[in-house]
Amino acid sequence: MGLIPHVVEDCFGLLKLYSDGSISRSPIIHDDTPFLDDTTVRYKEFLFNEKHDLSLRLYKPTSLTSTKLPLLFYFHGGGFCFGSRTFANNHNICVRLANVLQAVIVEPDYRLAPEHRLPAALDDACCALNWLQTQAMHENVDTWLAGVDFDRVFVLGYSSGGNLAHHLAVRFGDGSNELAPVRVRGYVLLSPFFGGCIRTRSEEERPSEGIWSLEMYDRFWRLSVPTGATQDHPLVNPFGPSSPSLKNVAVDPLLVVVGGDEILKDRAENYARKLKELEKKIAYVELAGQQHGYFIDHPLSAAAEKVIQIIKRFMADN
C-alpha cells in the first residue's frame, strides 16, 4: 500500500502542491473586495488564445474626451500562481485606469503555476499583444476597438505582471517593429516581482509586510520557475549570473514605481539603477510608507491616485 500524499507547498490554503505532484486549488478565492459600480466605464470579454482557453477583458470609457484613445495593457499580479481578470481588485483598478487616463484598458489572463511554470505566462503575454496586432490589421476592426490609437500603446504590469512587462520590453525592443501596426510607447512596472539567490538589504530587514512575507515569495518562485531552476534564472533575476547582458538591447521607455516599505523595494531600485547605468530611458518613483498591494487593493486611495497621475504623465511624455 502506497504512502498517502502529503502537502509540500501551501499558499494560503488556496493552492496546495502534494508530494506525488498533484495540485489542488480552492474554487473560492476569499476576496471580500466589492466591485466598483462605475457607469463611466464598460467592459467586454474576448477570447485571445483558443489553444489555452485564455480570455482578456477590454475596458472602455463611456464618455470619450478624444476621438483617438491610447491603449494600455494591464497584466495582473499574483506571484505567477494566482490572479484573474475576474478578481475584484484587478477589475477595480482597470476601471479606475480607464476612467482617469481616458484610455482603453486590456487585461489578459495568463496560465498559472505550478500547473504551468514559466515561461508559460510570458508566452501568453506575448500572445495577448499579438492578438491586438491581429485586430489592428483587420479592415473591419471590432467596434470595441474603434477609435483606438494603435500607435499609442502602453504596457503596465503589477507585481508578477511587472516582471512580465520587463521581459516584454526586452522581447519586442525599441519601436516594437514586430508588432506593427501596433506601436508600444512605454512600459510601466508597478512593484515588480523579481528575485535572486543573494538577499537584498530590504529583504533582510523587512522579511514580512501585511499578508506578504519573504517566505511566501520564495514559495511562489519554487512553484513557478522552470523545474530545477533557482531564483537566479533569467526570468526571475534580470541581472543574475546567467542572465543575458542588456547593454546592447534597445528598449522603449520604462517607469518603475514601488512602495518604500515593500520587501522587494531594493530589487526594484537596483533594477532601475542598473538600467540607468546602461543608459536606458528609465524613471524610478518610490512612494514612502507604502507596502505591497497599495495600488490595486485600494484603488480609490490617495496613493493609488498619485500613481495613476504618474502613469498619466509618463504616457503623455512618451
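Residues numbered from 1 in each chain as written. Predicted model: local features only at pLDDT ≥ 70, side-chain atom pairs only at ≥ 80, totals over all residues. Heavy atoms only, no water.

In the nomenclature of an unreviewed UniProt entry, the protein corresponds to Alpha/beta-Hydrolases superfamily protein from the organism Melia azedarach.

Student: Account for the overall build of the protein, with residues named and values stated.
Tutor: Secondary structure summary: the protein contains eight helices and 13 strands in total. Rg of the C-alpha trace for the protein: 19 Å, near the compact-globule value of 20 Å for 318 residues, within the 12% margin. Considering only C-alpha atoms, the protein reaches an extent of 65 × 45 × 40 Å along its principal axes. Across the 318 residues that make up the protein, the buried fraction comes to 56%. (Helix = DSSP H or I, 4+ residues; strand = E, 2+ residues; numbered from the N terminus. Rg over C-alpha atoms; globule rule 2.2 N^0.38 Å. Buried < 20%, exposed > 50% of the residue type's maximum accessible area, 1.4 Å probe, protein only.)

Student: Which residues make up the side chain of Gln-135, and what values go with them?
Tutor: Mapped onto the elements, Gln-135 comes out in helix H2 (residues 120-137). Looking at Gln-135, the relative accessible area reads 12%, which means it is buried. Setting aside chain neighbours within four positions, we find Gln-135 in contact with Val-141, Asp-142 and Leu-145. (Contact = heavy atoms within 4.5 Å.)

Student: Break down unusual backbone geometry for me, citing the residues and quoting the values.
Tutor: Between Ala-113 and Pro-114 the backbone carries a cis peptide bond, its omega angle lying at 5°. Looking at the element boundaries, Pro-114 is found in the loop between strand S7 (104-108) and H2. Each neighbour pair has its own omega, and for Leu-118 with Pro-119 the value is 15°, a cis peptide bond. On the secondary structure map, Pro-119 appears in the loop between S7 and H2. One non-glycine residue, Phe-80, lies in the positive phi region at around 65°. Among the structural elements, Phe-80 can be located in the loop between strand S6 (69-75) and helix H1 (88-101). Although it is not a glycine, Ser-191 adopts a positive phi angle of roughly 45°. If you trace the backbone, Ser-191 turns up in the loop between strand S9 (184-190) and helix H4 (201-205).

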